[in-house]
Amino acid sequence: MSSPVWHPFTQHGLKEPIPLVERAEGALLYCADGSTLIDGISSWWVTTHGHCHPRIAAAIAEQAGRLDQLIFAAHTHEPAETVARELVDLAPEGLTRVFFSDSGSTSVEVALKMALGYWHRRGEPRHRILVLEHGYHGDTIGAMSVGERGVFNRRYEPLLFDVGTIPFPAEGREQATLDALERACTAPDKPAAFIAEPLVLGAGGMLVYSAAVLTEMAAICRRHDVLWIADEVMTGWGRTGTLFAVEQAGVAPDILCVAKGLTGGALPLAATLASEPIFQAHWSNDRADMFYHSSSYTANPIACAAAKANTQIWREEDVLGRIGALARDIGDHLETLSAHPAFSNPRQLGTIAAVDLKTGDTGYLSDIAPALRAFFLERQLLLRPLGNILYVMPPYCTTNEQLDRLFGAIAEAGDRFGTARR
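Keep in mind that this is a model prediction, so the values were computed, not measured.

Caption draft 1: Spotlight on the overall build of the protein. Helix and strand content of the protein: 12 helices and 16 strands. For 422 residues, the compact-globule formula gives about 22 Å, and the C-alpha radius of gyration of the protein, at 21 Å, lands near that figure. With the principal axes as the frame, the protein shows a C-alpha extent of 65 × 55 × 45 Å. The buried share of the protein, reckoned over its 422 residues, is 52%. For the protein, the computed accessible surface area is about 18800 Å², with 54% contributed by carbon and sulfur atoms.

Written as structure tokens, this is what we have:
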């Protein structure tokens, strides 16, 4: 009998191989058939320090025997309290309140509801959200609404609310982005918030823009009293070279979404950080005015214990030093790959690097993507191209020898699949 499992982002009709992974350590995945895969994408961008990190694994085991689950409505526990204080201390200044959830999508849903609730409680309801072109914020209804319209959400279009789209600040067109945001913020239909992934758009194609543009976008929002939501679900926890990407722009958002690397990638947990005015807008002696959002596993103690261990690693170890060394090694490999005639638009930000494969078959649904996935799997590599866009985003423990294999295979893929070959 075939497996009853329905996998995400998987077309089962293609009958692609689905490896059975039995264990993991560092940057390696060990499969039931005896093969070993190098995890070149941190298992969907979540694993930071490496799989089964001893400190995080020990914290999970200890917490599982102490307190496994607790209703978080009007109750609390030490791991959540510690993680919340750590997040406030580590995050950009002004973010004083932490609302826990369980995924990147839900952290965005929480952020949107916070923003809309803030204006309602101030007596000037606003309903319009501004978004950055090509953005991706998750697959729940609100998160899809503020993401790029296309293959990810086309079938659910009737359920999605209308947004104002600001053009992506591609190199040479940055001023058009800033002008469009200025116009949108001063429109008669005053927007409630602007949401964007800072510095790099992940699922949109690993599109990179400058910190200077981010600084000015934040200034425009502040100048016109529009809330700015920074979606750091992917960019947070060192991926761009700093703990949070917004640090490179020297700005603090009104609302910050974090997930993925919050637990080092070990367990699902997310948090939405808000400024004090947003929290105070929901403060009342009337229960009807409370913030209505929760899930059964809000601030699960075991997940919070993993997050606590992760923040301790950041406090006590030279994580940024490891990230810097890995980024330099990735940069060296990318420079070599840049000379390959089958690739264009090489780009890097921290430990994220990407190139575009020159092919007549582009876009997320291009037929080249499954062919590339199979090609890399044959070489015992976990790489998952975004259409014809090949990228790496490895755990911070990845060795240079492992990078040799990753980038060597990408170059080989260019030889085989690119339209411009050596």
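After that view of the structure, there is still more to cover.
Caption draft 2: Geometry of the packing of helix α11 (residues 368-378) against helix α12 (residues 400-417). Closest axis-to-axis distance for the α11/α12 pair is 11 Å, and the angle between their directions is 135°. On the basis of their axis angle, the class for α11 and α12 is oblique. The interaxial crossing formed by α11 with α12 has right-handed handedness. On the side of α11, the interface is formed by I368, A371, L372, F375 and F376, while α12 contributes A409, I410, E412, A413, R416 and F417. Here the contact of α11 with α12 is composed, by residue class, of 9 nonpolar, no polar and 2 charged.

Caption draft 3: Quick look at the nonpolar core. Membership of the largest hydrophobic core comes to 98 residues, with the highest contact counts inside it found for F194, W228 and F376. A per-element tally of this core places α12 first, with 8 residues. Composition of this core by domain shows at least three residues from each of domain 1 (12-50 + 330-417) and domain 2 (56-316). In contact with F376, other than residues within four places in its own chain, are L381, L383, P385, L390, A409, I410 and A413. Counting 28 residues, the second-largest nonpolar core is a separate cluster that includes V110, L112, M114 and A193.

Caption draft 4: Examining the side chain of D39 more closely. Following the sequence through the fold, D39 ends up in strand β3 (residues 36-39). Of the side chains bearing the opposite charge, R239 lies closest to the buried D39, which forms no salt bridge; the N-O distance is 8.2 Å. Here S43 takes part through its side chain, which lies 2.7 Å from a polar atom of the side chain of D39. Beyond its immediate stretch of four places on either side in the chain, D39 contacts A27, L29, H51, L382, P394 and P395.

What counts as what
- Residues numbered from 1 in each chain as written.
- Predicted model: local features only at pLDDT ≥ 70, side-chain atom pairs only at ≥ 80, totals over all residues.
- Heavy atoms only, no water.
- Helix = DSSP H or I, 4+ residues; strand = E, 2+ residues; numbered from the N terminus.
- Rg over C-alpha atoms; globule rule 2.2 N^0.38 Å.
- Buried < 20%, exposed > 50% of the residue type's maximum accessible area, 1.4 Å probe, protein only.
- Areas by Shrake-Rupley, 256 points an atom, 1.4 Å probe, with all protein chains shown as cover.
- Axes fitted to C-alpha atoms, helices over the stretch in contact; angles between N-to-C directions.
- Parallel < 35°, antiparallel > 145°, perpendicular 65-115°, else oblique.
- Left-handed = near helix turned anticlockwise from the far one by under 90°.
- Contact = heavy atoms within 4.5 Å.
- Nonpolar A, V, L, I, M, F, W, Y, C, P; charged D, E, K, R; others polar.
- Core = buried A, V, L, I, M, F, W, Y, C linked by side-chain atoms within 4.5 Å.
- Domains from an automatic or database assignment.
- Lys, Arg positive; Asp, Glu negative; His and termini not counted.
- Salt bridge = Lys/Arg side-chain N within 4 Å of Asp/Glu carboxyl O.
- Polar contact = N/O pair within 3.5 Å; in protein donor to acceptor, adjacent residues only side chain to side chain.

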